[in-house]
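Reading the structure
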Amino acid sequence: PVPENLDEHHQVEVADDFRLLPGYVFDPTIAEFVPRQPTSDEVDTNRRAAYATDVDPLLSEATIKRAMGLVEQADALIAQAIAAREAIKIRYPKPA
């Protein structure tokens, strides 16, 4: 069945000054505009960028600390890197 706000061609009547917000798409199942979900490739790209800025520096510093014999400091940095990685995965979830 066609929702009441759609005609037989599944077109929505909109005001003359209507503008679609960037990042939104029309979901015909609910006849509303919803935020566009990122693709798996977009999520991977975002995660890689975040790993490079948030995780890699911690791992690099941990490697140097370990080489200097500062094992406890290195372990603490690795724990921070793991936590940062998990936070990134939550920030950029894989699409369903």
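Look above for the structure.
Notes on the structure follow.

Quick notes on the rules
- In this convention, every chain numbers its residues from 1, walking through the sequence in written order.
- Predicted model: local features are reported for residues with pLDDT of at least 70 only, side-chain atom pairs are reported and counted for 80 or more only, and whole-chain, interface and lining totals are derived from all residues.
- Based on all heavy atoms of the structure, the side-chain values leave hydrogens and waters out of the count.
- Secondary structure counts use DSSP, requiring at least four H or I residues in a row for a helix and at least two E residues in a row for a strand, with both numbered from the N terminus.
- Multiplying 1.5 Å by the residue count of a helix minus one yields the expected span of that helix.
- Only protein chains enter the accessibility calculation, which uses a 1.4 Å probe. A residue is then buried if its area is under 20% of the maximum for its type, exposed if over 50%, and partly exposed in between.
- Note that the arc is defined by the directions from the helix axis to the C-beta atoms.
- For this analysis, residues touch if any pair of their heavy atoms sits within 4.5 Å.
- The sign given to each residue is positive for Lys and Arg and negative for Asp and Glu; His and the chain ends receive no count.
- Salt bridges are identified by distance alone: a Lys or Arg side-chain nitrogen within 4 Å of an Asp or Glu carboxyl oxygen.
- Think of it this way: a Phe, Tyr or Trp ring, Trp meaning its six-membered ring, pairs with another when their centres are within 6.5 Å, and the plane angle makes it stacked under 30 degrees, edge-to-face over 60, tilted otherwise.

Concerning helix α2 (residues 71-91)
For α2, built from 21 residues, the straight-helix expectation of 30 Å at 1.5 Å per residue is met to within 8% by its first-to-last C-alpha distance of 30 Å. Every buried residue belonging to α2 is among Ala74, Leu77, Ala81, Ala84 and Ile88, and all of these are buried. Looking straight down α2, one finds its buried side chains confined to an arc of 80 degrees; they lie on one side. Among the exposed residues of α2, those pointing more than 90 degrees away from its buried face are Glu72 and Ile90. Residues of α2 that are buried sit in contact with α1 (40-67).

Brief notes about the side chain of Arg47
Residue position: Arg47 is located in helix α1. Among buried Asp, Glu, Lys and Arg side chains, Arg47 stands out as unpaired, with Asp44 the closest opposite charge at 5.3 Å. Once residues within four sequence positions are removed from consideration, Arg47 is found in contact with Ile88, Lys89, Tyr92, Pro93 and Lys94.

Thoughts on the packing of aromatic side chains
For any two aromatic rings, the description comes down to two numbers: the centre-to-centre distance and the angle of the planes. Tallying each qualifying case throughout the model produces one aromatic pair. Ring centres 5.1 Å apart and planes at 65 degrees place the aromatic pair Phe26 and Phe33 in the edge-to-face group. We classify Phe33 as partly exposed; its relative accessible area is 33%.

What about the pattern of salt bridges?
Tallied over the full model, the rule gives seven salt bridges. Taking the shortest distance from any N to any O, the salt bridge between Arg36 and Glu42 comes out at 3.2 Å. Its relative accessible area of 41% is what places Arg36 among the partly exposed residues. Measuring nitrogen to oxygen at the nearest pair gives 3.9 Å for the salt bridge that ties Arg85 to Glu86. Judged by its relative accessible area of 39%, Arg85 falls in the partly exposed class. Glu86 sits in the partly exposed class, given a relative accessible area of 37%. One connected set of salt bridges, linked through shared partners, spans Arg85, Glu86 and Lys89.

Such coordinate-based values are descriptive only and should not be taken to indicate function.
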